[in-house]
Amino acid sequence: MIELAVSETCAEGSEPQCTAVGGEWVILPTAFEQAAVDDAAVSDTAQRNAVDVTFSAEGASVLNSLTGQAALAGAEARLVFKVGDELLAAVAVMEALDGDQVTIALAPDDDPQQIVDLIHNT
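Computed from a predicted structure; not experimentally measured.

## A few points about the environment of Thr-54
Of note, Thr-54 is situated in strand 6 (residues 50-55). Each C-alpha atom, one on Thr-54 and one on Thr-103, is 8.9 Å from the other, the two residues being 49 residues apart in sequence. Setting aside chain neighbours within four positions, we find Thr-54 in contact with Val-37, Asp-38, Asp-39, Asp-100 and Gln-101. Among the polar contacts listed, one links the side chain of Thr-54 to the side chain of Gln-101, at a separation of 3.4 Å.

## Describing the pattern of salt bridges
Taken as a whole, this structure holds one salt bridge when the rule is applied. Note that Arg-78 is salt-bridged to Glu-24, the shortest N-O span being 3.3 Å. Placement of Arg-78 in strand 7 (residues 77-83) and of Glu-24 in strand 3 (residues 24-27) is noted, with a sequence separation of 54 residues between them. Arg-78 gets classed as buried once you look at its relative accessible area, which sits at 10%.

The rules behind the values
Residues numbered from 1 in each chain as written. Predicted model: local features only at pLDDT ≥ 70, side-chain atom pairs only at ≥ 80, totals over all residues. Heavy atoms only, no water. Helix = DSSP H or I, 4+ residues; strand = E, 2+ residues; numbered from the N terminus. Contact = heavy atoms within 4.5 Å. Polar contact = N/O pair within 3.5 Å; in protein donor to acceptor, adjacent residues only side chain to side chain. Salt bridge = Lys/Arg side-chain N within 4 Å of Asp/Glu carboxyl O. Buried < 20%, exposed > 50% of the residue type's maximum accessible area, 1.4 Å probe, protein only.

Right, dumping it as structure tokens:
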């Protein structure tokens, strides 16, 4: 299970809910939507520190809806990925996704296998 939310960027220290996520400063979302995952694996692409995720049909529906919202919200909007209590990434979305697969780039100090294990156990 991965949780997703749309947020917006902020300046470090600008407000109490402004937090760092994968090199971006975003306002911590108050609510996340659960997106069920069929599979997660350490990415075998050129991206060295990433996780490939395949969502279930229901999870893909959540992903597609929120990427659409983020794309429409403009340049300051970010799609925030969370697993358990860990915020994984905050990414800019240029257009809505219509598939069920994404590659999540992780921070350099994140261990992709630990993230995969966390996804499988959440």
